[in-house]
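# Structure at a glance
Given next are the chains, with one letter for each unit.
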Amino acid sequence: MYLVMLFGLFLGIIFFAFVFIASKKSGKYYLAPVITFLFSGMIVAYSLFLVGGFEGMGYLFLAVGFLVVSIVGTLLLPLLIPKVKSKSFNRKDKISLFLLPILFFATIGISIISEDGYWIIEQASATPVKTEGYRISTISEGSKAVTLQLGEKYLGKEIEVKKVSKRGATEIILKFVDGGEDDKVPYIKIGLYEINEPLKVQTTDGDIFESLGGSWN
């Protein structure tokens, strides 16, 4: 979540800088921290009323970044305003007003593309089962959880999520390494924003786990 907050700080600085420069002609520089603060409030409202649940928490941390920028920006205004020598846009201002929105939306786009689309809900050691495989359950806001149960073949192993595909059919690829408890098998519960059928859960060695049917709520 600290990374999300830093991401919010970065976007907040870009947003603040754009509004500050855009306010140059009117001289209403107070609009920069005020609008940044209001934007953080919009993110909070979006998080609480439109997203909600676990996914919404990420937006709250994003909003904190904008809030911090608005507060710090307010404190720095007395230092920033005297440095503005003219109310007309110079070449540097025009370039900034053009590039800052591009940087803002490009950063958001890159973050969406690079998002994993999954998270680890629970990971531990467990007693081996006779019939191994996975079950799918529905969690908050329609998101899904895939719970994997393993047999004696995986005693003493640890489990790592190597890849979760986001395009086409959902595919979860797991890697098993030594280092677990000798009399236990690894246990994992993976959260997914969505599952595109047919779901495939397999190891890096090509072993495929079958669905155990049913679901856990």
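Refer to the structure presented above.
The following paragraphs examine the structure supplied in this document. (Residues numbered from 1 in each chain as written. Predicted model: local features only at pLDDT ≥ 70, side-chain atom pairs only at ≥ 80, totals over all residues. Heavy atoms only, no water.)

We now examine the sheet that holds strand β2 (residues 133-138). Read across the sheet, four strands follow the order β1-β6-β3-β2 without closing on themselves; strand pairing throughout is antiparallel. If you trace the sheet from one side to the other, it starts and ends with β1 (118-126) and β2, each paired once. On average, adjacent strands in this sheet sit at an angle of 20 degrees to one another, irrespective of strand direction. The sheet contact formed by strand β3 (residues 144-149) and strand β6 (residues 185-192) spans five bridges and is antiparallel. (Pairing = 2+ DSSP bridges. Helix = DSSP H or I, 4+ residues; strand = E, 2+ residues; numbered from the N terminus. Axes fitted to C-alpha atoms, helices over the stretch in contact; angles between N-to-C directions.)

By the bridge criterion, seven bridges tie strand β4 (residues 157-164) to strand β5 (residues 171-178) in an arrangement that is antiparallel. Note on β5: the bridge partner recorded for Glu-160 is Lys-175. In textbook terms, the turn of a hairpin is the stretch between consecutive antiparallel strands, and for β4 and β5 this stretch comprises six residues, one of which, Gly-168, has a positive phi near 70 degrees. Pairing between β5 and strand β7 (residues 200-203): four bridges, direction parallel. Directly across from Glu-171, in β7, lies its bridge partner Lys-200.

To continue, consider the packing of helix α1 (residues 2-22) against helix α4 (residues 91-114). As a packed pair, α1 and α4 sit with axes 10 Å apart at the nearest point and diverge in direction by 155 degrees. By the angle between their axes, α1 is roughly antiparallel relative to α4. Considering only the axes of α1 and α4, their crossing is left-handed. Of the residues in α4, those in contact with Phe-7, Phe-10, Leu-11, Ile-14, Phe-15, Ala-17, Phe-18, Ile-21 and Ala-22 of α1 are Asp-93, Ser-96, Leu-97, Leu-100, Pro-101, Leu-103, Phe-104, Thr-107, Ile-108 and Ser-111. Its residues placed into classes, the contact of α1 with α4 shows 15 nonpolar, three polar and one charged. (Parallel < 35°, antiparallel > 145°, perpendicular 65-115°, else oblique. Left-handed = near helix turned anticlockwise from the far one by under 90°. Contact = heavy atoms within 4.5 Å. Nonpolar A, V, L, I, M, F, W, Y, C, P; charged D, E, K, R; others polar.)

So, on to a nonpolar patch on the surface. Together, Tyr-30, Val-34, Ile-35, Phe-37, Leu-38, Leu-67, Ile-71 and Leu-75 give the surface a local cluster of nonpolar side chains, amounting to about 750 Å² of exposed area. Of all the secondary-structure elements, those providing two or more residues to the nonpolar patch are α2 (31-51) and α3 (53-80). Counting residues per element, the nonpolar patch draws most heavily on α2, at four residues. (Patch = residues over 30% accessible without salt bridge, like charges linked within 9 Å, V, L, I, M, F, W, Y side chains within 5 Å. Areas by Shrake-Rupley, 256 points an atom, 1.4 Å probe, with all protein chains shown as cover. Salt bridge = Lys/Arg side-chain N within 4 Å of Asp/Glu carboxyl O.)

Assignment of secondary structure puts Thr-170 in the loop between β4 and β5. A polar contact is formed between the side chain of Thr-170 and the backbone nitrogen of Asn-196, at a distance of 2.8 Å. Apart from residues lying up to four places away in sequence, Thr-170 is in contact with Val-164, Ser-165, Leu-192, Glu-194, Ile-195, Asn-196, Pro-198, Leu-199 and Lys-200. (Polar contact = N/O pair within 3.5 Å; in protein donor to acceptor, adjacent residues only side chain to side chain.)

Before going further, it helps to spend a moment on the packing of aromatic side chains. Inspection of the entire model under this criterion finds 12 aromatic pairs. Geometrically, the ring pair formed by Trp-119 and Tyr-193 is tilted, given 5.0 Å between the ring centres and 45 degrees between the ring planes. Taken together, the positions of Trp-119 in strand β1 and Tyr-193 in the loop between β6 and β7 put the pair 74 residues apart, joining distant regions of the chain. A relative accessible area of 14% means that Trp-119 is categorised as buried. With a relative accessible area of 31%, Tyr-193 lands in the partly exposed category. (Phe/Tyr/Trp six-rings, centres within 6.5 Å; stacked < 30°, edge-to-face > 60°. Buried < 20%, exposed > 50% of the residue type's maximum accessible area, 1.4 Å probe, protein only.)

Mapped onto the fold, Thr-203 is located in strand β7. Filtering out sequence-adjacent residues up to four positions away, Thr-203 remains in contact with Tyr-154, Ile-173, Leu-174, Phe-176 and Phe-209.

With mixed pairing, the four strands of this open sheet are ordered in space as β4-β5-β7-β8. Either end of the sheet is taken by a strand with one partner, and the two such strands are β4 and β8 (208-209).

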